[in-house]
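# Descriptive structure summary
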Amino acid sequence: MIKSWLTAGVMTDEGIKKTTKGTPQGGTISPLLANIYLHQFDKIMVNRGYKLVRYADDFVVLTKSKKKANRALEVIKKIVEGKLNLRLHSEKTVVTNFGEGFTFLGYEFKYWQYKRPRKKALKRFKDKVKEVTRRQQPWKVDRIITKLNPVIRGWGNYFSKGDIKKLYKKLDKWIRMRIRAFMESKKAHINQNKKSLMPF
């Protein structure tokens, strides 16, 4: 059953792409298999006294000094690449600190208590709002708002634990502006149609 999940392939714009190794990104079974397979990693790291936060295949290890962090990275490589026969992501795997900041699960962490949505996550959200509120649509504004609410609610709830008060105010203002622009576009289109129907 597991093999059939892993070899089912991934749907792309070009059609179904075969998967010959690993778990498909975004696959239903992928997070569960990651948790099962990386359980050994969790146990070894915790038993060695490291503070570990992991979600599926993304994780952060916290230490009290740069020296200990470098040592932790050596241990991680031995476990992940040696025992588990996996590869660490070369760009994501870094030794850093809260002053320099780091990203994890869409959040940007900086200065110990400062966390907010990363720029990439913010851009994706704004792109989705733009897609829903684009002016060249035949729908009424109430339908646009109905489509928009789940997008706002989902994204807003996910990042609600961050330092987002000022950001949410700016986004609220920007979204209202997008809806007003959509309404004005609809009014102009209706007025244009009325003019074209006026008798000569």
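Let me sum up the structure you'll find in this document. Source: prediction; values computed, not measured.

This part takes up the pairing of strand 6 (residues 107-110). Where strand 5 (residues 102-104) and strand 6 come together, 3 bridges link them in antiparallel fashion. Bridging across to strand 6, Thr103 finds its partner in Glu108. Hairpin connection between strand 5 and strand 6: a loop of 2 residues separates the two successive antiparallel strands, and Leu105 in this loop has a positive phi of roughly 55 degrees.

The full count for this structure, using the stated rule, is 5 salt bridges. Here Arg54 ties to Asp42 by a salt bridge, and the two come within 2.7 Å at their closest N and O atoms. Taken together, the residues Arg54 in strand 3 (residues 51-55) and Asp42 in helix 3 (residues 39-47) connect sequence positions 12 residues apart. By the burial criterion, Arg54 is buried, and Asp42 matches it. Glu108 serves as the salt-bridge partner of Arg116, at 3.4 Å between the closest nitrogen and oxygen.

Approximately 150 Å³ is the volume attributed to the second largest pocket. Leu105, Gly106, Ala121, Arg124, Trp155, Tyr158 and Phe159 together form the lining of the second largest pocket. Taken together, the elements giving at least two residues each to the lining of the second largest pocket come down to helix 5 (119-132) and helix 6 (141-158). The class makeup of the residues in the lining of the second largest pocket is 5 nonpolar, 1 polar and 1 charged.

One ladder, built from 5 bridges, connects strand 3 with strand 4 (residues 58-62); its direction is antiparallel. Each residue of the ladder has a partner; that of Tyr55, found in strand 4, is Asp58.

Two packed helices can be described by the angle between their axes and the distance between those axes. For the pair helix 5 and helix 6, interaxial distance at closest approach is 10 Å and the crossing angle is 170 degrees. Classified by the interaxial angle, the pair formed by helix 5 and helix 6 is roughly antiparallel. Mapping the contact onto sequence places Ala121, Leu122, Phe125, Lys128, Val129 and Val132 in helix 5 and Ile144, Lys147, Leu148, Val151, Ile152 and Trp155 in helix 6. Partitioning the contact of helix 5 with helix 6 into residue classes produces 10 nonpolar, no polar and 2 charged.

This brings us to unusual backbone geometry. Most peptide bonds adopt trans geometry, and most residues besides glycine take a negative phi value. In this structure, Asn85 is a non-glycine residue whose phi angle is positive, near 55 degrees. With respect to the secondary-structure elements, Asn85 resides in the loop between helix 4 (66-83) and strand 5. Residue Leu105 is not a glycine yet carries a positive backbone phi of 55 degrees. Here Leu105 lies in the loop between strand 5 and strand 6. Classification of Leu105 by relative accessible area gives partly exposed; the value is 30%.

Conventions adopted
Residues numbered from 1 in each chain as written. Predicted model: local features only at pLDDT ≥ 70, side-chain atom pairs only at ≥ 80, totals over all residues. Heavy atoms only, no water. Pairing = 2+ DSSP bridges. Helix = DSSP H or I, 4+ residues; strand = E, 2+ residues; numbered from the N terminus. Salt bridge = Lys/Arg side-chain N within 4 Å of Asp/Glu carboxyl O. Buried < 20%, exposed > 50% of the residue type's maximum accessible area, 1.4 Å probe, protein only. 1 Å grid on protein atoms, 1.4 Å probe; cavity = no way out; pocket = protein on both sides within 12 Å on 5 of 7 lines; lining within 4 Å. Points joined across faces, edges and corners; volume = space filled by probe spheres on them. Nonpolar A, V, L, I, M, F, W, Y, C, P; charged D, E, K, R; others polar. Axes fitted to C-alpha atoms, helices over the stretch in contact; angles between N-to-C directions. Parallel < 35°, antiparallel > 145°, perpendicular 65-115°, else oblique. Contact = heavy atoms within 4.5 Å.

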